[in-house]
Amino acid sequence: VQLQASGGGLVQAGNSLRLSCAASGRTFSNYGMGWFRQAPGKEREFVAVITWSGGRTYYADSVKGRFTISRDNAKNTVYLQMNSLKPEDTAVYYCAASPQALRLSTRVSSYDYWGQGTQVTVSS
């Protein structure tokens, strides 16, 4: 699976962004999809995950209630709607695909395919 993330940018605190991740190469609906982020000097951390059908989702506590993950299997795309952004959300955001399509995987090691990352910068 090839993944291409887009939609990052520079926004002020309190505003919103929507990230997209377009997949190609294999059957998109065979994969659970996750979003991770990595800030400078920090480890990559889990943000959100969605199962193959979109029926179940799970979020990191730090983004719960502000971010929403969704997917459109007809368009081979997963989204991350980010509202009420905070400066601490600043990071490179990565989408990833896991063959554990039914599980809500939060570990980096559970994902076999990664996008190139898109920068999100939130100013105060």
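Summary of the structure given here. (Residues numbered from 1 in each chain as written. Predicted model: local features only at pLDDT ≥ 70, side-chain atom pairs only at ≥ 80, totals over all residues. Heavy atoms only, no water.)

### Digging into the sheet that holds strand 7 (residues 67–72)
Read from one edge of the open sheet, four strands run 1-3-8-7, paired in antiparallel fashion. With partners counted over all chains shown, the strands left at the sheet margins are strand 1 (2–6) and strand 7, one partner each. Mean inter-strand twist for the sheet, computed between neighbouring axes without regard to direction, equals 15 degrees. Pairing geometry for strand 7 and strand 8 (residues 77–82), over six bridges, is antiparallel. When the sheet's bridge partners are listed, Ser 70 is paired in strand 8 with Tyr 79. (Pairing = 2+ DSSP bridges. Helix = DSSP H or I, 4+ residues; strand = E, 2+ residues; numbered from the N terminus. Axes fitted to C-alpha atoms, helices over the stretch in contact; angles between N-to-C directions.)

### Quick look at the nonpolar core
Residues Met 33, Trp 35, Leu 80, Met 82 and Tyr 93 are the most contacted members of the largest nonpolar core, which totals 35 residues. Listed by contribution, the elements that provide at least two residues to this core are strand 1, strand 3 (17–24), strand 4 (32–38), strand 5 (45–50), strand 7, strand 8, strand 9 (91–98) and strand 11 (118–123). Those residues within four positions of Leu 80 in sequence are excluded, and the remaining contacts are Leu 17, Arg 18, Leu 19, Trp 35, Val 47, Ala 48, Phe 67, Thr 68, Ile 69 and Tyr 93. (Core = buried A, V, L, I, M, F, W, Y, C linked by side-chain atoms within 4.5 Å. Buried < 20%, exposed > 50% of the residue type's maximum accessible area, 1.4 Å probe, protein only. Contact = heavy atoms within 4.5 Å.)

### Thoughts on the pairing of strand 8
Counted residue by residue, strand 8 has five buried out of six residues, so it is predominantly covered. Connecting strand 7 to the next strand, strand 8, in antiparallel fashion are four residues, including Asn 76 with a positive phi near 55 degrees.

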